[in-house]
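Tertiary structure, described
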Amino acid sequence: MLSLQDLDYNEIKELIKELGQPSFRADQVFDMAMKDKDYAEVTNLPKSLIAGLAERYRARAVEVIAEYRSRDGSVKYLYRLFDGNIVEGVFMPHDYGNTVCISTQVGCRMGCAFCASGIGGLARNLTAGEMLGQVLAANRLNGGTPKKRTVTNIVLMGSGEPLDNYENVIKFIKAVSFGKGINISQRNISLSTVGLADRIRQLADDGLNIILTISLHAPTDEKRNALIPMNRKYPIKDIIGAARYYFEKTGRRIIFEYTLAEGKNSDAESAEELSRLLKGLNCHVNLIKLNYVKEKGLKSANDDSVKEFLSILQKNKISATLRRSMGQDIEGACGQLRRKYLGES
Ligand code: SAH
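What you see is a predicted model; the values in this text were computed from it and never measured.

If you look at the biggest cluster of nonpolar residues, it comprises 101 residues, and the most contacted ones within it are Leu4, Phe172, Leu203, Phe256 and Leu278. Taken domain by domain, this core gets at least three of its residues from each of domain 1 (4-56) and domain 2 (63-344). In contact with Phe256, not counting residues within four places along its chain, are Ile214, Leu216, Ile240, Ala243, Leu278, Leu281, Cys283, His284, Val285 and Asn286. Val90, Met92, Cys101 and Met326 belong to the second largest nonpolar core, which has five residues in total.

What follows is the structure, encoded as structure tokens:
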């Protein structure tokens, strides 16, 4: 069953018309959805209207069933969907604002070698409302309203491959950046992809203004094939071509994610290869220490090799930083918490 959060403003106006209600009710219903209120908490709508709405739509798309607070201030949420599926998201406080990391699918079918989300394959795509609901719930639970937002930034970096759920993700981005709603600027939204090159080009053509993050993780096809099965379909040359196209169309610098795994992609040779690959491209590299996932067995590179890797990139004039990891003590890595929860229950 869809929720009110799946409907955009015009769709809510249509619905109110269909229900034979005066048009000002549309603003009230839209407001209730953006404040992430349940029907029982609404005081300004007639009972008959609530009954009509409730017959067709849930109020909230997701229900928060657990919160885990990290010592570093980040909070991990477990969200239950209407069909009992579970996804996870993280709220991360920063000096410049607060970021929410959301999931875009239940599970994932990309099957990357280090990632917990893909272990059981893909269960289903999330709807636009189920993505929006994760943001609105995190905003509400941290004291925000649509007018006085607590959440300022969004990253599509939780479970799932966002470009494998393209239409719903685009609808979500439009909804979350809509002026009458929570109005989060597209400039503050990052979409992370394994590198579905043709969809990256489509994203550039669709005229959104979001930050594109590409999970590169290796500098050559040989090394990348061993980590990311999807590389056989979209090899590095295609991904770099699409990245260049995205930059030309949008003027937005590309971010590359590079998770450092021991014995796979973290040696000095890889750092030199990566430097050659990215030379001349307007981009930034985010180095990430691998989060250990027991089913996968891959280990993070140690601190010395991480430091050396970073210094080689910098020596070669490639813009790069080491990403600060949050939520280490609360199974912050994508897909880990859901698996733990499913295993226990
Ligand atoms: N499917 C998308 C977005 C979700 S994964 C993508 O591939 O980008 C978000 C990021 O977390 C990706 O860069 C992914 O490679 C990385 N990641 C997954 N598991 C990880 C782990 N165990 N340790 C470190 N990073 C991980």
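All right, on to the pattern of salt bridges then. Applying the stated criterion across every chain yields a total of 21 salt bridges. With a closest N to O distance of 3.5 Å, Lys237 and Asp238 form a salt bridge. The exposure class of Lys237 is exposed, given its relative accessible area of 64%. Within the structure, one salt-bridge network assembled from shared partners comprises Asp36, Glu41, Arg60 and Arg140.

The next subject is the site of the ligand. Lining the immediate surroundings of the ligand are 18 residues, of which Gly160, Ser192, Ser215, His217 and Asn291 lie closest. Between Glu161 and the ligand, the recorded distance is 3.0 Å, taken from a side-chain N or O atom to a nitrogen atom. At 2.6 Å from an oxygen atom of the ligand is found a side-chain nitrogen or oxygen belonging to Ser192. Across the complex, the protein chains shield 92% of the 530 Å² of accessible surface that the ligand would expose by itself. Breaking the shell around the ligand down by element, the ones donating at least two residues are β8 (189-193) and β10 (254-260). Considered class by class, the residues forming the shell around the ligand number eight nonpolar, eight polar and two charged.

Moving on to the sheet that holds strand β12 (residues 320-322). Taking strand neighbours across the sheet as the criterion, the 10 strands line up as β1-β2-β3-β4-β7-β8-β9-β10-β11-β12 in an open arrangement whose pairing is mixed. At either end of the open sheet lies a strand with only one pairing partner, and these are β1 (63-69) and β12. Adjacent strand axes in the sheet meet at a mean angle of 20 degrees when their direction is disregarded. Contacting β9 (211-215) and β10, helix α8 (residues 236-250) runs over the sheet at an angle of about 145 degrees to β10.

What follows deals with unusual backbone geometry. One non-glycine residue, Asp36, lies in the positive phi region at around 60 degrees. Within the secondary structure, Asp36 sits in the loop between α2 (24-34) and α3 (47-56). You can call Asp36 buried: its relative accessible area is 0%. A positive phi is found at His217, a non-glycine position, where the angle reads about 65 degrees. Here His217 lies in the loop between β9 and α7 (221-225).

Counting buried positions along strand β3 (residues 86-94) gives seven out of nine residues, so the element sits mostly inside the fold. Counting the residues in the hairpin turn of strand β2 (residues 75-80) and β3 gives five residues, including Gly84, whose phi is positive at 90 degrees. By the bridge criterion, five bridges tie β3 to strand β4 (residues 97-101) in an arrangement that is antiparallel. Counterpart to Met92 in the pairing with β4 is Thr99.

Each value, and the rule that gives it
- Residues numbered from 1 in each chain as written.
- Predicted model: local features only at pLDDT ≥ 70, side-chain atom pairs only at ≥ 80, totals over all residues.
- Heavy atoms only, no water.
- Core = buried A, V, L, I, M, F, W, Y, C linked by side-chain atoms within 4.5 Å.
- Buried < 20%, exposed > 50% of the residue type's maximum accessible area, 1.4 Å probe, protein only.
- Domains from an automatic or database assignment.
- Contact = heavy atoms within 4.5 Å.
- Salt bridge = Lys/Arg side-chain N within 4 Å of Asp/Glu carboxyl O.
- Near = heavy atom within 4 Å.
- Polar contact = N/O pair within 3.5 Å; in protein donor to acceptor, adjacent residues only side chain to side chain.
- Areas by Shrake-Rupley, 256 points an atom, 1.4 Å probe, with all protein chains shown as cover.
- Helix = DSSP H or I, 4+ residues; strand = E, 2+ residues; numbered from the N terminus.
- Nonpolar A, V, L, I, M, F, W, Y, C, P; charged D, E, K, R; others polar.
- Pairing = 2+ DSSP bridges.
- Axes fitted to C-alpha atoms, helices over the stretch in contact; angles between N-to-C directions.

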